[in-house]
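Residue-level listing of the chains:
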Amino acid sequence: MEKQSGTISTVAEEEEHSAILQKEYEEVKRDLMQISQQKSKMEEIYKSSRRRLVREIKRKENAVESALLCRICYDKMVRPFTLPCQHTFCIECIRKLSRNQENYGLCPFCSKPFRLPQTVTEYNYVIEDIKSIFG
Ligand SMILES: [Zn+2]
Ligand SMILES: [Zn+2]
C-alpha cells in the first residue's frame, strides 16, 4: 500500500471535522422533517378542500336535479310547460289535471287557476337546456 500524500490529520482534527459533519447532518435532517411536515399539512388541506368541493358540487347537482322534477309525476319533466303562476310541470301532467274542465285547472302547487291553450307548442326552454346538461 502506498502512503497517501497530503497532510496527515490529527485525531483532534478528525473529531472536529466529524462533529461539523454531524451538525450539518442534523440540520439537513431537521429541514427535511419540516418539509415533510409541511407537505403532509398541505396534503391535508388539499384533501379537505377537495372533499368540501365535491360535497358542494353534489349538493348543487342534487338541488338542480330535484328542481327538474315534475311535482305531479315526480319524474324529470317532459316538455315542461310553465303556468301563469310560474310553476312548471310536464305538459301532459297539466293536461290530465285540466282535461275535464275545458282546459281550466288549478295549479297543484299553489292552487292558482289557469286555462291551458288548445295547442301548446312553446315549452320552458331554460328547463330543457338544463335537462340536456344533466342528461
Ligand atoms: Zn310530470
Ligand atoms: Zn302555481
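What you see is a predicted model, and the numbers here were worked out from it, not measured in a lab.

## Details of the overall build of the protein chain
Looking only at helices and strands, the protein chain features three helices and four strands. Reading the helices (α) and strands (β) of the protein chain from amino to carboxyl end gives α-β-β-α-β-β-α. Over its C-alpha atoms the protein chain spans a radius of gyration of 37 Å, topping by over 25% the 14 Å that the globule rule assigns to 135 residues. On the principal axes, the C-alpha backbone points of the protein chain span a range of 115 × 30 × 20 Å.

## What about the domain arrangement of the protein chain?
Domain boundaries assigned for the protein chain yield domain 1 (12-67) and domain 2 (80-134). Placing a centre on the C-alpha atoms of domain 1 and another on those of domain 2 gives a separation of 55 Å.

## A short note on the UniProt feature "coiled-coil region" (unreviewed entry) in the protein chain
Feature annotation in UniProt places "coiled-coil region" (unreviewed entry) on residues 11-45, given in this structure's numbering. Each end of residues 11-45 is marked by a C-alpha atom, and these two atoms are 51 Å apart; helix forms 100% of the span and strand 0%.

## Notes on the environment of M77
Mapped onto the elements, M77 comes out in the loop between α1 (11-67) and β1 (80-82). For the pair M77 and A67, spaced 10 residues apart in sequence, the C-alpha to C-alpha distance is 9.5 Å. Aside from chain neighbours lying at most four places away, what touches M77 is L68, C70, T88, F89, C90 and I127.

## Details of the nonpolar core
Counting seven residues, the largest nonpolar core is built from C70, M77, F81, F89, C90, C93 and I94. Counting only elements with at least two residues in this core, the list comes to β2 (88-90) and α2 (91-98).

## Quick look at the environment of F109
Structurally, the position occupied by F109 is in the loop between β3 (104-106) and β4 (113-115). Sequence separation between F109 and C85 is 24 residues, and the spatial gap between their C-alpha atoms is 9.5 Å. Those residues in contact with F109, other than ones at most four positions away along the chain, are R71 and H87.

## Some remarks on unusual backbone geometry
Despite not being glycine, Y74 shows a phi value in the positive range, around 55°. Structurally, Y74 can be placed in the loop between α1 and β1. With a phi close to 65°, S111 is a non-glycine residue in the positive phi region. Mapping S111 onto the fold places it in the loop between β3 and β4. A tally of 8 C-beta atoms within 10 Å means that S111 is categorised as exposed.

## Overview of the environment of T88
One can find T88 in strand β2. For T88, a count of 21 C-beta atoms within 10 Å translates into the label buried. For the pair T88 and L53, spaced 35 residues apart in the sequence, the C-alpha separation amounts to 30 Å.

Parameters and conventions
- Residues numbered from 1 in each chain as written.
- Chains lettered and ligands numbered in written order.
- Predicted model: local features only at pLDDT ≥ 70, side-chain atom pairs only at ≥ 80, totals over all residues.
- Helix = DSSP H or I, 4+ residues; strand = E, 2+ residues; numbered from the N terminus.
- Rg over C-alpha atoms; globule rule 2.2 N^0.38 Å.
- Domains from an automatic or database assignment.
- UniProt positions renumbered as here; feature names shortened; annotations may be inferred.
- Contact = placed C-beta atoms within 7 Å.
- Core = buried A, V, L, I, M, F, W, Y, C linked by C-beta atoms within 7 Å.
- Buried ≥ 20, exposed ≤ 12 C-beta atoms within 10 Å, placed from the backbone.

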